[in-house]
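Structure assessment
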Amino acid sequence: MTSPDFFRKWTAYALALIAVLCLECFIMNRLPVWGVTPRLLPLAAVIVAVLEGPLSGAGFGLAVGILADAVYPGLAGGMTLILTFLGLGMGLLCRYFLHQNYLGCLICSILAFFTIDLIRIMFDLLTHVASLSTLCFLAFRELSWSLVFTVPLYWLFRAIHRRISRSANL
Amino acid sequence: MKDFMKHNGILILIVAVLLAAITFVCSLFAGTDPLSNAVGVLTTPFRSGLNTVAGWVDDVNGYLFDYDTLKTENEALKQQVADLEEQARAGEDASEENTRLRELLNLREKHSSFDLESAMVTARSTSNWSSTLTISAGSDYGVEVDQCVIDEYGNLVGIVSEVGTNWATVNTVIDTYTELGGSIARTNSAAIIEGDFTLMQQGKLKLSYLPEDTQIISGDQILTSGKGGVYPSGLVVGSVEEILDDASNLNRYAVIAPSADLDHLVQVFVIKDFDIVS
C-alpha cells in the first residue's frame, strides 16, 4: 500500500469515527431502549482492530480512547489505556485464533464490553454505588443494545477497508 | 507474536500508559484535563447548534403526536393558574401583616438573592452509568465546581462537577454522586437528598436518613436545606412519590420525582453566588 492509500484509508476511518461519535452523542442518547443507550466508540475500536490487526488496532484504540476520555464523563484517562490494550488484544486474538470476519468481530466485541464493564463494575462496587446484581443487569442491557450496532458498524468499516485495499492492489 | 510485541506493541502501550497518566494527573490537580477542555472548547458551538435542531425536532414531534395530551395539560394548567391567583390574593393580606409584624419586632426582612449565569444545555449524558449535562458556560463566565444549577422555574437541576473554558459538566440531581442536605417543605424536617443507582435509571432520586418521628406523605415538596452554607436553601428538588423501607427494614426513605424536567432542558442558570436571609 502506497503512502497516499494509507493516508486515504486512515482519513476515511477517522471520518467514519466522527460519524459514529455524532450518532452516539447526539442521536442515540436521546433514544434509550430498555433504559440504556448504546456505546459505539469501543465497538469502532474493536472492529478496526479485527480488520487491521494488532498494531493498527492498538493505534486506532489509542486515538478512540483519547476521544472517549474527552466525551464520556469522569473517566480521567481510563479509556485511553483500556481501548489501546483492547485494540492490541483483539487484533492479536483475531490474527492468531479467530477469523477476520463478522463472527470474529462479534466475539471480540463481547469480550471488549465484558472487560470494560468488569472494570466499571469493580470500581462501582468499591465505591458502594449499587449492588452487584443491579450493576450486572445494567451492563447486560448495555451490551445487548450495543451489540445490535456491530452489524452497521462492521459493514461501514469493512467497506472502507475493502474499497481502499482493493484500489491499492489495482 | 513475541516479535511483534518487541518491535511495535510495547511502544504503543508505553504511549497509552503515559497519556492516560497525564490525563489522570491533570484531571486530579487541575479539575479538568487539557484534552477534554480542548475538545469541549472546539465542540461547544457545534453542540449548541445540533442541540437546537434536536430540540426543534422534539417540539415538532410533540406537536404532531402529543397534541391531545398537551391540550388536556393546558386545560389543567389554566385551572391551576386560576387557583393560584386566588391563593395569591389571599396571601397578600398575610404578607402585609407579616411585614408589619417584622417591623414591629425589628426583624430583618426575609430575602434570597442569586448571582445567576445563564447557559444553554449543549449535550446530554453519554453514559448509562451516570446522569450528566454539558452546559455552554465555563470558567470564562465565572462558573466553578460545586455551584448549583437551576432551571427557569428555580428547580434544582444539579451541581457543577467539571469546568472547562466555555463549557461545564453538571451532575444532575438524580446522579449517584448527588448528596446534599434537604428538608421537607411542609414540616421543615431535615434529611439527606441523594442519588441512587437503581432510581437513576427511572429518573428519580431518594430522600434518606429520615428522622424516626418525621411525618412525610406522598406529594410533599422537598427543598434544599442550605445547611453547611455550600448550597443555597429553598431550591425545589422535587416531590415525594412514595415512602419505602430500606433493605434492613429499620429505616425509611422517600422516592423523589425531580421537579426539573431533565430530559427536555434547554436553558439553565448557574448560581455563582447567593445571599439568603431566612
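Conventions we followed
Residues numbered from 1 in each chain as written. Chains lettered and ligands numbered in written order. Predicted model: local features only at pLDDT ≥ 70, side-chain atom pairs only at ≥ 80, totals over all residues. Helix = DSSP H or I, 4+ residues; strand = E, 2+ residues; numbered from the N terminus. Buried ≥ 20, exposed ≤ 12 C-beta atoms within 10 Å, placed from the backbone. Contact = placed C-beta atoms within 7 Å. Rg over C-alpha atoms; globule rule 2.2 N^0.38 Å. Axes fitted to C-alpha atoms, helices over the stretch in contact; angles between N-to-C directions. Parallel < 35°, antiparallel > 145°, perpendicular 65-115°, else oblique. Left-handed = near helix turned anticlockwise from the far one by under 90°. Nonpolar A, V, L, I, M, F, W, Y, C, P; charged D, E, K, R; others polar. Pairing = 2+ DSSP bridges. Domains from an automatic or database assignment. Expected span 1.5 Å × (residues − 1). pLDDT = per-residue confidence, 0-100. Core = buried A, V, L, I, M, F, W, Y, C linked by C-beta atoms within 7 Å.

**Thoughts on the overall build of chain B**
Of the regular secondary structure elements, chain B holds 4 helices and 12 strands. In chain B, buried positions account for 35% of the 278 residues. By sequence separation, contacts in chain B at least 24 residues apart represent 57% of the contacts at least 6 residues apart.

**What to know about the overall build of chain A**
From N to C terminus, chain A includes 7 helices and 0 strands. Reading the secondary structure of chain A in the N-to-C direction produces α-α-α-α-α-α-α. Relative to the compact-globule value of 15 Å for 170 residues, chain A shows a C-alpha radius of gyration of 16 Å, a close match. By residue count, 47% of the 170 residues in chain A fall in the buried class. Restricting the contact set of chain A to residue pairs at least 6 apart, pairs at least 24 apart contribute 66%.

**A look at the packing of helix α3 (residues 54-71) of chain A against helix α4 (residues 78-96) of chain A**
Residues and elements named next belong to chain A. Here α3 crosses α4 at 155 degrees, and the two axes come no closer than 7 Å. On the basis of their axis angle, the class for α3 and α4 is roughly antiparallel. Of the two possible hands of crossing, α3 and α4 adopt the one that is right-handed. Tallied by class, residues from the contact of α3 with α4 come to 15 nonpolar, 7 polar and 2 charged.

**A look at the pairing of strand β7 (residues 190-194) of chain B**
Residue and element names in this part refer to chain B. Where strand β6 (residues 179-184) and β7 come together, 5 bridges link them in antiparallel fashion. Residue Gly 182 lies in a different strand from β7, and its bridge partner there is Ala 191. Linkage of β6 to β7, two consecutive antiparallel strands, is achieved through a turn of 5 residues, within which Asn 188 is found at a positive phi near 65 degrees. Examined bridge by bridge, β7 and strand β8 (residues 205-208) share 3 bridges and lie antiparallel to one another. Residue pairing for β8: Glu 194 is matched across the bridge by Lys 206.

**Some remarks on the domain arrangement of chain B**
As assigned here, chain B comprises domain 1 (2-63), domain 2 (66-105) and domain 3 (179-258). Taking only C-alpha atoms, the centre of domain 2 of chain B and the centre of domain 3 of chain B are 25 Å apart.

**Some remarks on the sheet that holds β8(B)**
All names here are of chain B. Around the barrel, 6 strands lie side by side as β6-β7-β8-β11-β10-β9; this closed barrel has antiparallel pairing. In this sheet, adjacent strand axes meet at a mean angle of 40 degrees when their direction is disregarded. One ladder, built from 3 bridges, connects β8 with strand β11 (residues 252-258); its direction is antiparallel. Note on β11: the bridge partner recorded for Lys 206 is Val 255.

**Observations concerning helix α1 (residues 3-27) of chain A**
An ideal rise of 1.5 Å per residue puts 36 Å on 25 residues; α1(A) measures up with 35 Å between its terminal C-alpha atoms. For α1(A), the full list of buried residues reads Lys9(A), Tyr13(A), Leu17(A), Val20(A), Leu21(A), Glu24(A) and Cys25(A).

**As for the interface of chain A and chain B**
Each partner contributes to the interface: chain A provides 35 residues, whereas chain B provides 35 residues. Looking at the side of chain A that touches chain B, the elements with two or more residues in it are α1, α3, α4 and α6 (132-148) of chain A. Top element by residues in the side of chain A that touches chain B is α3(A). It accounts for 9 residues. Along the lines of polarity and charge, the residues of the side of chain A that touches chain B split into 20 nonpolar, 10 polar and 5 charged.

**Brief notes about the confidence of the model for chain A**
A residue-level look at chain A finds 92% of positions with pLDDT of 70 or above and a mean pLDDT of 85. Within chain A, the lowest mean pLDDT, 82, falls on helix α7 (residues 150-169) of chain A, and the highest, 91, falls on helix α2 (residues 41-52) of chain A.

**Focus: the packing of α2(A) against α4(A)**
All names here are of chain A. Two elements in contact, α2 and α4, have axes whose closest approach is 8 Å; the angle formed by their N-to-C orientations is 35 degrees. Considering only the axes of α2 and α4, their crossing is right-handed. Residue-level inspection shows Pro 42, Ala 45, Val 46, Ala 49 and Val 50 of α2 in contact with α4, the latter providing Leu 83, Leu 86, Gly 87, Met 90, Gly 91 and Cys 94. Each residue belonging to the contact of α2 with α4 can be placed in one class, and the counts come to 9 nonpolar, 2 polar and no charged.

**A few points about the pairing of strand β5 (residues 168-172) of chain B**
All names here are of chain B. For β5, a buried count of 5 out of 5 residues is recorded, marking the element as mostly surrounded by other parts of the structure. Of the two faces of β5, the one carrying Ala 168, Val 170 and Thr 172 and the one carrying Thr 169 and Asn 171 are both buried. For strand β2 (residues 132-135) and β5, the ladder comprises 4 bridges, and the chain directions are antiparallel. Among the inter-strand pairings, Leu 133 is bridged to a residue of β5, identified as Val 170. Judged from the 5 bridges that link them, strand β4 (residues 156-163) and β5 form a sheet pairing that is antiparallel. The residue bridging Glu 162 from the neighbouring strand is Thr 169, located in β5.

**Observations concerning the nonpolar core**
The biggest cluster of nonpolar side chains holds 49 residues, and the ones touching the most others in it are Ala44(A), Ala45(A), Val46(A) and Ile47(A). For this core, the secondary structure elements donating two or more residues are α1, α2, α3, α4, α5 (102-126) and α7 of chain A together with α1 (2-30) of chain B. Apart from the residues within four sequence positions on either side, Val46(A) is in contact with Leu86(A), Met90(A), Cys105(A), Cys108(A), Ser109(A) and Ala112(A). Residues Ile159(B), Ala168(B), Ile174(B) and Ala260(B) belong to the second largest nonpolar core, which totals 40 residues.

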